[in-house]
Amino acid sequence: MSTPTLTLIWLKERSALGNLPDAVLEAMLPQFQYQEFFANRRLVLEDTLPDGLYILGRGHLERYRTNPNGPAWASSLLPGAVLHLTELLLEQPTQETVVALTDCQFWFMPKAEFGAIALQFPELVQTVSRQLVVDLAQVKSELAFEQERQAVLRPYQVPKAKRGIVGTSRYAVRLRQQIKDAARDRKPALILGEPGLEKDNAAALIHFGSPWRREPMIKVNCAILQASGADLFGRVGGKPGILEALGEGTLVFNNLQDLAPDLIPKLKVLLETSSYTPIQRDTNSTALPKASSARIIIVTEKTFPKIERLIAHVIKVPPLRVRKTDVKAQVDYYLSLIAQAKSTPKRDITPEALRRLQAYSYPGNLAELQSLVDRAIAQSPGTDDLTDEVFWPAEAKKQRFRLNLLNAYPKLRQFLRSDWWPTRINYGFTLSAFALVVVVLFVGPQDRQHNAALNLFWAWWWPLILLGFPFVGRLWCSICPFMIYGEVVQKLSLWLVPRQLKHWPRDEADRWGGWFLFGLFTLIFLWEELWDLENTAYLSSCLLLIITAGAMIFSVLFERRFWCRYLCPIGGMNGLFAKLSITELRAQQGTCSAECTTYQCYKGGPVKGEGQATDGCPLYSHPAQLVDNRDCVLCMTCLKACPHRSVEFNLRPPGIELWTTHQPRSHEVALLLLLLGGVFLHRLPQLETTLGLDLHLQDFWPHAGVSVAVLAIAALIPITGHGLLRVLSPGKHRPFLELAYGYLPLVLGVTLAHYLKMGLTEAGQILPVSCATLGYANVALPAFTAHPAVIAFLQGSTLALSLLLTWILTQKIGRQSFQSLWPQHLTALSLIIGFWQIIVGA
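Treat the numbers as computed from the prediction; the structure is a model and nothing was measured.

Draft legend 1. Broad picture of the overall build of the protein. A tally of helices and strands in the protein yields 35 helices and 18 strands. Since a compact globule built from 842 residues should have a radius of gyration of about 28 Å, the 42 Å found for the protein marks it as more spread out than a globular shape. Along the first, second and third principal axes, the C-alpha set of the protein runs to 145 × 70 × 55 Å. Counting only contacts in the protein whose residues sit at least 6 apart along the sequence, the fraction spanning at least 24 positions is 78%.

Draft legend 2. Representation of the sheet that holds strand E17 (residues 583–587). Strand order in the open sheet formed by three strands is E16-E18-E17, with antiparallel pairing between adjacent strands. In this open sheet, the two edge strands, each paired with only one partner strand, are strand E16 (403–404) and E17. In this sheet, strand E18 (residues 647–651) lies alongside E16 in antiparallel orientation, the contact comprising two bridges. Residue Asn404 lies in a different strand from E18, and its bridge partner there is Asn650.

Draft legend 3. Spatial organisation of the packing of helix H28 (residues 666–682) against helix H35 (residues 822–840). With their axes 10 Å apart at the nearest point, H28 and H35 run at an angle of 30 degrees to one another. Relative to H35, the element H28 is oriented roughly parallel. For the pair H28 and H35, the sense of crossing is left-handed. When H28 is examined against H35, the residues Leu676, Val679 and Phe680 are found in contact with a partner set consisting of Leu831, Phe835, Ile838 and Ile839.

Draft legend 4. Region of the structure containing the packing of aromatic side chains. With the rule as written, the count across this model stands at 32 aromatic pairs. Note on Phe457 and Trp458: the rings are 4.7 Å apart at their centroids and 45 degrees apart in plane angle, and the pair reads as tilted. For Trp458, a relative accessible area of 1% gives the class buried. A connected cluster of aromatic rings, assembled from ring pairs, spans Trp504, Phe516, Phe554, Phe558, Phe562, Trp563, Tyr566, Tyr602 and Tyr620. The lysine or arginine in question, Arg41, covers the ring of Phe37, its NZ or CZ lying 5.1 Å from the ring centre. Its end group placed over the ring of Trp420, Arg424 keeps NZ or CZ at 5.0 Å from the ring centre.

Draft legend 5. Inspection of the pattern of salt bridges at higher detail. Applying the stated criterion to the full structure yields 27 salt bridges. Here Arg65 makes a salt bridge to Glu46, at a shortest N to O gap of 3.6 Å. Of this pair, Arg65 sits in strand E4 (residues 61–65) while Glu46 sits in the loop between strand E2 (42–44) and strand E3 (52–58), and the two are 19 residues apart along the sequence. By relative accessible area, Arg65 is classed as partly exposed at 22%. Assessed through its relative accessible area of 11%, Glu46 is described here as buried.

Draft legend 6. Helix H32 (residues 744–762), seen in detail. With 19 residues, H32 ought to run about 27 Å at 1.5 Å a step, and its terminal C-alpha atoms sit 27 Å apart, in line with that. Considering bend angle alone, the principal kink of H32 is centred on Tyr755 and spans about 35 degrees. Among the 19 residues in H32, 17 count as buried, and that is most of the element.

Draft legend 7. Examining unusual backbone geometry more closely. A cis amide bond, omega -15 degrees, links Trp421 with the succeeding residue Pro422. Counting through the fold element by element, Pro422 comes out in helix H17 (residues 420–443). You will see that Glu198, though not glycine, has its phi angle at about 55 degrees, which is positive. Mapped onto the elements, Glu198 comes out in the loop between strand E9 (189–192) and helix H7 (199–208).

Draft legend 8. Region of interest: the nonpolar core. Core analysis: the largest hydrophobic core is formed by 101 residues, its most contacted members being Leu466, Phe577, Leu675 and Phe835. Setting aside chain neighbours within four positions, we find Leu466 in contact with Phe577, Leu748, Thr751, Leu752 and Tyr755. With 31 residues, the next largest nonpolar core counts Leu246, Leu256, Ala294 and Ile311 among its residues.

Draft legend 9. Here's a closer look at the environment of Leu671. With respect to the helices, strands and loops of the structure, Leu671 is situated in helix H28. Residue Leu671 is classed as buried on the basis of its relative accessible area, which comes to 3%. Expressed as a C-alpha distance, the spacing of Leu671 and Phe518, which sit 153 residues apart in the sequence, is 5.7 Å. Excluding anything up to four places from it in sequence, Leu671 contacts Leu517, Phe518, Phe521, Gly572, Met573 and Leu576.

Draft legend 10. Quick look at the sheet that holds strand E14 (residues 295–300). Taken in spatial order, the five strands line up as E10-E11-E14-E9-E15 in an open sheet, and their pairing is parallel. A single partner strand is all that each edge strand has here, and the edge strands are strand E10 (217–221) and strand E15 (313–316). With strand direction ignored, the average angle separating the axes of adjacent strands in the sheet is 15 degrees. Bridge count between E10 and strand E11 (residues 250–254): five bridges; the pairing is parallel. Within E11, the position partnered with Val220 by the bridge is Phe253. Across the sheet, H7 lies against E9, E10, E11, E14 and E15, angled at about 160 degrees from E14, the strand it touches most.

Draft legend 11. Structural context of the environment of Ala183. Tracing the sequence through the fold places Ala183 in helix H6 (residues 170–183). Taking the C-alpha atoms as reference points, Ala183 and Leu205, separated by 22 residues in sequence, lie 8.1 Å from one another. Those residues in contact with Ala183, other than ones at most four positions away along the chain, are Ile206, Gly209, Ser210, Pro211 and Trp212.

Draft legend 12. Structural detail: the side chain of Asn255. Position of Asn255 relative to the elements: it lies in the loop between E11 and helix H10 (264–273). If we skip the residues at most four places from it in the chain, Asn255 touches Asn221, Cys222, Val299 and Glu301.

Draft legend 13. Up close: a nonpolar patch on the surface. A surface patch of nonpolar side chains, about 460 Å² in accessible area, is lined by Val439, Phe442, Val443, Tyr538 and Leu545. Secondary-structure elements contributing two or more residues to the nonpolar patch are H17 and helix H22 (537–557). Looking at the nonpolar patch element by element, the count peaks at three residues for H17.

Draft legend 14. Geometry of helix H21 (residues 506–530). Here H21 contains 25 residues, and its C-alpha end-to-end distance of 35 Å stays within 8% of the 36 Å for a straight helix at 1.5 Å per residue. At Trp512, H21 is deflected by roughly 45 degrees, the largest bend along its length. Looking one or two residues beyond H21, the residue adopting positive phi is Asp532, at roughly 55 degrees.

Draft legend 15. Structural view of the environment of Val373. On the secondary structure map, Val373 appears in helix H14 (residues 365–379). Under the relative-accessibility criterion, Val373 is labelled buried at 0%. Sequence spacing of Val373 and Leu386 is 13 residues, and the spatial spacing of their C-alpha atoms is 9.3 Å. Here Val373 is in contact with Val331, Tyr334, Leu335, Ile338 and Phe391, once residues within four sequence places are set aside.

Draft legend 16. Quick peek at the side chain of Ser707. Mapping Ser707 onto the fold places it in helix H30 (residues 700–728). Of note is the side chain of Ser707, whose polar atom sits 2.8 Å from the backbone oxygen of His703. Beyond its immediate stretch of four places on either side in the chain, Ser707 contacts Leu526, Glu529, Leu530, Leu681 and Leu684.

Draft legend 17. Spotlight on the pairing of E3. With five of seven residues buried, E3 is to be regarded as a mostly interior element. Across six bridges, E3 lies against strand E8 (residues 104–110) in antiparallel orientation. The residue of E8 that forms the bridge with Ile55 is Trp107. With two bridges connecting them, E3 and strand E6 (residues 82–83) associate as antiparallel partners. By the bridge assignment for E6, Tyr54 is matched with Leu83.

Draft legend 18. Representation of the pairing of E9 within the structure. Side chains Ala189 and Ile191 project from E9 onto one buried face, and the interleaved Leu190 and Leu192 project onto a second face that is buried too. One ladder, built from four bridges, connects E9 with E15; its direction is parallel. By the bridge assignment for E15, Leu190 is matched with Val314. As paired strands, E9 and E14 are joined by four bridges and run parallel to one another. Looking at E14, one finds that Ala189 is bridged to Ile297.

Criteria and thresholds
Residues numbered from 1 in each chain as written. Predicted model: local features only at pLDDT ≥ 70, side-chain atom pairs only at ≥ 80, totals over all residues. Heavy atoms only, no water. Helix = DSSP H or I, 4+ residues; strand = E, 2+ residues; numbered from the N terminus. Rg over C-alpha atoms; globule rule 2.2 N^0.38 Å. Contact = heavy atoms within 4.5 Å. Pairing = 2+ DSSP bridges. Axes fitted to C-alpha atoms, helices over the stretch in contact; angles between N-to-C directions. Parallel < 35°, antiparallel > 145°, perpendicular 65-115°, else oblique. Left-handed = near helix turned anticlockwise from the far one by under 90°. Phe/Tyr/Trp six-rings, centres within 6.5 Å; stacked < 30°, edge-to-face > 60°. Buried < 20%, exposed > 50% of the residue type's maximum accessible area, 1.4 Å probe, protein only. Lys NZ or Arg CZ within 6 Å of the ring centre and 35° of its normal. Salt bridge = Lys/Arg side-chain N within 4 Å of Asp/Glu carboxyl O. Expected span 1.5 Å × (residues − 1). Bend = angle between axes of the 7 residues up to and from the residue. Core = buried A, V, L, I, M, F, W, Y, C linked by side-chain atoms within 4.5 Å. Patch = residues over 30% accessible without salt bridge, like charges linked within 9 Å, V, L, I, M, F, W, Y side chains within 5 Å. Areas by Shrake-Rupley, 256 points an atom, 1.4 Å probe, with all protein chains shown as cover. Polar contact = N/O pair within 3.5 Å; in protein donor to acceptor, adjacent residues only side chain to side chain.

Next comes the structure, spelled out in structure tokens:
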């Protein structure tokens, strides 16, 4: 069979010219020219006169029409497509632009030769006219269907995506990639996230970033879908449903958690089989399933494990509180939108305003942030930068009732960032003063009435540090001489023997460190009671030297302040009472996560911006992660190192961490009960008199046995009270490990009441005692001693206040009615009555 014959057969079977008579086709064959066209080149431009007739023999074309008065459209052309037949006959310009998607081969007939054939064969025009009539009828039918389809889809149609994913954080980068992956195919996708995250916009990005972007996209609110599913699936013999009208478009189920429960199984069938069953009015007959070509995207705020198993692309949109790095980019984007809408210059925000926004947790996510920006613009007309005063985010629970003293008092910030705190104080005063105290305790007189160092230790230091706990927490630890000598020895040893100090054995220290200092404190109590440390100067000096030796030894072995954080008995007591403080050091987590990349406050580092060069936190605590005052000694290293002004020194409700973020620890409770027993031990003679017993305290071994018994029995009192709580007050109660912290104000109060008498009677005699230390006992110098009635009043007031605060704290921790916790409250009252007898009444 010859080539012209094959071409004639191909034209009749494969092209739109198959309806022409054979004579017309045979006349056209000699006029065709063979042409090739490369991919990605334009073949025809719309609204231009055609140069001839084209028949696509091989390849793939795309034609499209851009219409300024309506939506653009596009379609594909396959082999057999005929271009410009109607335009040449009617002498009209082309109606669309044609582009080669692949390398193509054509039969081409120039315009002049085609015109000659059209004049020679009038049936050519007749055939085309008949085809135009058929095409017009088809277009009319398609138009009617499209109008009905649009009537169904129009209320739900999404014209475009509002915006892309803003930000450069790893969360934003990952979200963009997940959207790109989902856009590559038509498999179902599920977008999960909290309210306000623009999850529906992410669904739009998937659709309009896919090859099927020209298909319609609709979004249906699951809360308003009929429970029967008629609007979604249609009715048999009635109006078509959304799925049928949608065709190959994208259907977004918005807020799946609001979908009627009866529709969940039908949705599962749609996802599994890509089919659905129209709603049948007549229950006696069964409707036939219909296939669906729609792409399904589900948007939800809650997890649906049974649905997720059927989903190919599960995208979890991260909340804004973990994307604090993107807050600045989001704010800049919103400010750009506002400037564009109002035709005004773009506004900026101050660094303080940015830090405030980054510190907020955004329960409403992006929607809330946009609302904050809109409100700030409305409150601040003009072109000046937006300050933190016009941003009013709702405060997070952990930030409520906080006042940042560093912002309220700039000079306080200046002092705490200076070399004076605590470096110059430590090395200019404390280092030498402590050495002098130790020497005086050893070589001076051995009783408090004649040794100024002993007077300072027992009559001054103890009352003052106890009074300081409710106000400044572990502040003493920042100027503590034990660790100053530890640091000196650490630096000296590294200079003599350069080496890498050991890292902290954190797991072992967390498990056993607290019990070590508990045991050490127990031995100190017994040593103090049995050998009368309060009135024996050289033994008090030995106590100080032993604690200092521990700090020095562990500073030589481990980096930073390992002893101070885990093993120091005084540090353990300080950390326990610091929980009651009205101040705290924290950092803005949002600023730290968004702005900081070096963590200099934690690891140390060189000068950066306004951040100073430091060796990092001596306790290895990051201020943004602090939830407990026990892990901060207020050395302000983090404040000095931070270049972003993230660190805050807050005024807060006293002890708030104990009923909000606190994690109870058994060794802390044991130390708390030990300190409670320590007060009984300190008042052992008064306890002996009150009980009318002869405990033989003048003999060592009976005295030792009674001391151990007092410490144990005192610890059993709160434990017994909790047992009564379980028995006498039915209901669910918090464990003893949590409720025991309710006794913390009581223990601090009774300890302070014990030392008040010593402080109010002996501290004022420091001048004559100092002269006596130097051998001038008979020199007349002023001395100040409180009246016994004043002392008794202050002690009684301290005990009463500690009882009230214990009741309040117990209620806060227990989160139950006062009646439900009455056995523990009664136990606290009994303890206060007992202490009143041996402290105030003695």
